Amino acid sequence: MRQSSGVRGEQPRDARETTPEQDSERGSAKEKSSPKKKGVPEQSTPKTAGAKGSGGAAKDTGAGAAAEAGDAAGGAPRRRIGRIARWTALGVAVTVLGVSGVGYFYYQHLNDNIRKNKLNLGDKQLDRSAANADGQRPLNILLLGSDSRGSKENQELGGARDDADRPPLADVQMLVHVSADRSNMSVISVPRDTRVTIPKCTDPDSGKVYRSTDRQIINTSLGNGGPGCTVATWEELTGIPIDHFMMIDFSGVVNMADAVGGVPVCVDANVRDDKSGLQLTKGTHTIKGKQALQWLRTRHGFEDGSDIGRTHAQHMYMNAMVRQLKGGTKLSDPGQLTDLAEAATKALTVDKDLGSVKELYDLADDIKRVPSGRITMTTMPWATDPQNPDAHVIPKPGDADKLFSLVRNDIALDGKDKKKDDKGPAPTAPPARKNDIAVTVFNGTGTAVEPPATGRGSDIAAFLVKQGFAKASSDSTPRAQADTTITYPRAGQRADALTVAKALGLPDSAVRHSPEVRQITLVVGGDWRTGTAYPAEAAAGAADPTATPGTPDASGTPSPGPSGKPTGENKAPESSDPLNGADASACMKVNTANRF
């Protein structure tokens, strides 16, 4: 049984969020469940799966699911609408509908249903995650639940009709990280009440510019031009490059939950939450439709009544859905499938690189390989906000950055990665002479709110030349990376790369094999903005609490940019309340004030 660490009482909402009553109603709209399918008709000019995201494969957030369907696409006669299936649900949102036998024009109709937005509205975005030695990339997808009252259906479900014209809030935010080898998946929820640095964002439609601010909470970022500003905020907060986003609203959650047939959840006592409308007796229940939305929005009824308990309830729901789908839940009625196709595609807003049924399907098909037992749900470790301790939280110094750093370095949060020598594989050849080792240095120190530290690439290249690396040079091509790394293209060059690392004081863990670079490549990251020797505290793997992204300094201002490397045991800190995807015994603790 998991509970939040610490207790936060009922929280007055930010001024932008109207009244407390409306806030409590607003709860957390969750992008949930998602259909999946096989046999998706190809487009006339299909895109390559994985525009920015996966390593050669597709992209996305859905865990599990496969769906089979008949054959014909385009105008070919339909042999059968075979089995389509299982939802991919990683949670709140991934909806993919594998349609077969329904014809090219219907397929295009479904594509047109999907709303698309720009991925990142900030001035800069992080470089995508580097490929590993096998050419595989990690995949990072941001799942968002919008509390928009923009439609009549959403007003009926969410209440607060007076909010119909206000900018929506991203009340559910989860980052799904799928490892490069697709062996494990990590999920990080950030409570909506977290005060962070929201970078400058430009609305792609109106051209309106929203200034950077460190005074707002993370759910307001959605109103600064759309989901692309929330993506920019996450990159600044975590240092993790975001490949895709998927967003769903109230009605989408209800329609998806109805289509999948319900999800089992558990409460340890009778619960009644008048704010969300949830009422359940003690034990396990299969919830769907509006009741599923009530579960995902409830915070008063769980644990200490804060947003932290709500993230735990959402994790339970997501895990249960994934297990259900992997266990064989399927949809076989053609009429039901058509309704599901419409509901799924109309429910989603995604980035432009993920904007077709085929791309969604390819992504889900790639990710379904992750076993439930290697999925880890976590909540960002938090501390009360010194500027507003009764209402807001901030990233917990040390623990939050450790969690983010593990994900940046593609280390599983469950601690079950195969044991690796911290020094990496042994070199297969002796190092060359320093003056024969060619090194290209890039300045990757810029962040969403900080410009690149001037001259870092040329300064480090000049230092290497003085150390005897006559072929060291800098490249002014803009880069942005949280952690300093050295990559080399061929296994025989590892000894050369280690020689460069030693000269700079970089740990062996910063040296990585990647076939994507042409020669030994050093990217000076945001963790090394000054000096010619890599900072000792970073080299030792110690996160600097004063530099933890979003954590206020002595004046109460969140510091920009991520820093630090994984420290201690390579698994999620206990303060992140990790929950394993195969754990079917989890049961939500009911708030004593909401029992009946």
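Residues numbered from 1 in each chain as written. Predicted model: local features only at pLDDT ≥ 70, side-chain atom pairs only at ≥ 80, totals over all residues. Heavy atoms only, no water.

J.: Help me understand the overall build of the protein chain in this model?
T.: Helix and strand counts for the protein chain stand at 13 helices and 21 strands. Scored against the burial criterion, the 596 residues of the protein chain give a buried share of 60%. In the protein chain, the share of contacts with a sequence separation of at least 24, taken over all contacts with a separation of at least 6, comes to 78%. Here the protein chain has roughly 21600 Å² of accessible surface; of this, 49% comes from carbon and sulfur atoms. (Helix = DSSP H or I, 4+ residues; strand = E, 2+ residues; numbered from the N terminus. Buried < 20%, exposed > 50% of the residue type's maximum accessible area, 1.4 Å probe, protein only. Contact = heavy atoms within 4.5 Å. Areas by Shrake-Rupley, 256 points an atom, 1.4 Å probe, with all protein chains shown as cover.)

J.: Explain empty space enclosed by the protein to me, please; I cannot follow it from the model alone.
T.: To find leftover empty space, one rolls a probe the size of a water molecule over the atoms. This model, assessed by the stated rule, comprises four cavities of 30 Å³ or more. Of the volumes computed, that of the largest cavity is approximately 90 Å³. The wall of the largest cavity is formed by 13 residues, among which Leu126, Glu235, Gly446, Thr447 and Ala448 lie closest to the centre. Tallied by class, residues from the lining of the largest cavity come to five nonpolar, five polar and three charged. (1 Å grid on protein atoms, 1.4 Å probe; cavity = no way out; pocket = protein on both sides within 12 Å on 5 of 7 lines; lining within 4 Å. Points joined across faces, edges and corners; volume = space filled by probe spheres on them. Nonpolar A, V, L, I, M, F, W, Y, C, P; charged D, E, K, R; others polar.)

J.: How should the side chain of Asp414 be read in this particular structure?
T.: Relative to the helices and strands, Asp414 is located in the loop between helix H10 (399-408) and strand S16 (439-443). The residues contacting Asp414, other than those within four sequence positions of it, are Gly373, Arg374, Thr376 and Lys571.

J.: Whenever I open this one, the nonpolar core confuses me. Can you help?
T.: Taken as a class, soluble globular proteins show a tendency for nonpolar side chains to be buried jointly. Counting residues in hydrophobic clusters, the biggest one holds 53 residues, and the most contacted among them are Met246, Val267, Trp295 and Tyr317. Among the elements that make up this core, the one with the highest residue count is helix H7 (residues 307-326) (seven residues). Among the nonpolar cores identified, the runner-up in size contains 34 residues, and Ile218, Ala400, Phe404 and Ile411 belong to it. (Core = buried A, V, L, I, M, F, W, Y, C linked by side-chain atoms within 4.5 Å.)

J.: Any chance you could explain the sheet that holds strand S19 (residues 511-513) here in plain terms?
T.: Within a sheet, each strand pairs with its neighbour through backbone hydrogen bonds, oriented either parallel or antiparallel. Taking strand neighbours across the sheet as the criterion, the five strands line up as S17-S16-S20-S18-S19 in an open arrangement whose pairing is mixed. The open sheet is flanked by strand S17 (472-475) and S19, the only strands paired with a single partner. Going from strand to strand, the sheet's axes swing by 25° on average, the running direction of each strand aside. Pairing of S16 with strand S20 (residues 520-524), which is carried by five bridges, proceeds in the parallel orientation. In the sheet register, Asn443 faces S20, and the bridge partner there is Val524. Where helix H11 (residues 456-466) meets the sheet, it contacts S16, S17 and S20, and its direction lies at approximately 150° from that of S16. Each of S16, strand S18 (485-488), S19 and S20 touches helix H12 (residues 494-504); the most contacted strand, S18, lies at about 160° to it. (Pairing = 2+ DSSP bridges. Axes fitted to C-alpha atoms, helices over the stretch in contact; angles between N-to-C directions.)

J.: Would you take a moment to explain the pairing of S16 for this structure?
T.: Regular strands place side chains that alternate from one sheet face to the opposite one. Of all the five residues making up S16, five are buried; the element is thus mostly covered by neighbouring parts of the structure. Taken together, S16, H11 and S17 constitute a β-α-β crossover, and its handedness is right-handed. (Right-handed = clockwise from strand over helix to strand, strands pointing away.)

J.: Looking at this structure, I do not really get the packing of aromatic side chains. What am I missing?
T.: Each aromatic ring pair is characterised by the separation of its centres together with the angle its planes make. A full pass over the atoms with the stated rule returns two aromatic pairs. The interplanar angle of 85° and the centroid separation of 5.5 Å between the aromatic rings of Trp528 and Tyr534 together place this pair among those described as edge-to-face. Residue Trp528 shares its accessibility class with Tyr534, and that shared class is buried. Over the ring of Phe596 we find Arg272; its NZ or CZ atom is 4.4 Å from the centre of that ring. Arg456 extends its terminal NZ or CZ atom over the ring of Trp528, reaching a point 5.5 Å from the ring centre. (Phe/Tyr/Trp six-rings, centres within 6.5 Å; stacked < 30°, edge-to-face > 60°. Lys NZ or Arg CZ within 6 Å of the ring centre and 35° of its normal.)

J.: Where do I start with helix H6 (residues 289-297) in this structure?
T.: Since the α-helix turns once every 3.6 residues, residues separated by three or four places project in the same direction. Of all nine residues that make up H6, seven are buried, and the element is covered over most of its length. Within H6, burial applies to Gly289, Ala292, Leu293, Gln294, Trp295, Leu296 and Arg297.

J.: I keep staring at the sheet that holds strand S7 (residues 244-248) and nothing clicks. Help me out?
T.: In space, the eight strands of this open sheet follow the order S1-S12-S7-S2-S3-S4-S13-S21, with mixed pairing throughout. Pairing within the sheet leaves two strands with one partner each, and these edge strands are strand S1 (115-117) and strand S21 (579-580). Two elements, strand S2 (residues 139-146) and strand S3 (residues 170-178), share eight bridges in a ladder whose sense is antiparallel. Among the inter-strand pairings, Gly145 is bridged to a residue of S3, identified as Val172. On the sheet, helix H9 (residues 357-367) packs against S2, S3, strand S4 (185-189) and S7 and is oriented at approximately 115° with respect to S2.

J.: For this particular structure, what's the right way to read the side chain of Asp496?
T.: As for its position among the elements, Asp496 is in helix H12. It turns out Asp496 is buried and unbridged, and the closest side chain with the opposite charge, Arg490, is 7.2 Å from it. Setting aside anything within four residues of it in sequence, one finds Asp496 in contact with Pro430, Pro431, Ala432, Ile437 and Ile520. (Lys, Arg positive; Asp, Glu negative; His and termini not counted. Salt bridge = Lys/Arg side-chain N within 4 Å of Asp/Glu carboxyl O.)

J.: Looking at this model, I keep getting lost on the packing of H11 against H12. Mind explaining?
T.: Each pair of packed helices gets described by two things: the angle between the helix axes and the distance between those axes. Taken N-terminus to C-terminus, the directions of H11 and H12 make an angle of 100°; their axes are 11 Å apart at the nearest point. With respect to H12, the element H11 is oriented roughly perpendicular. The segment H11 lies against H12, with Ile460, Phe463 and Leu464 engaging Val500, Ala503 and Leu504. A class-by-class count of the residues in the contact of H11 with H12 yields six nonpolar, no polar and no charged. (Parallel < 35°, antiparallel > 145°, perpendicular 65-115°, else oblique.)

J.: What am I meant to see in the pattern of salt bridges here?
T.: Pairing is possible between side chains of opposite charge, provided their charged atoms come close. Taken as a whole and assessed by the stated rule, the structure comprises 14 salt bridges. Put simply, Arg479 and Asp127 hold a salt bridge, and the shortest N to O gap is 2.5 Å. Here Asp127 lies in the loop between S1 and S2 and Arg479 lies in the loop between S17 and S18, a separation of 352 residues in the sequence. Looking at Arg479, the relative accessible area reads 27%, which means it is partly exposed. Among the ionic contacts, a cluster of salt bridges with common partners joins Asp171, Arg192 and Asp193.

These results come straight from atomic positions and should not be treated as a statement about function.
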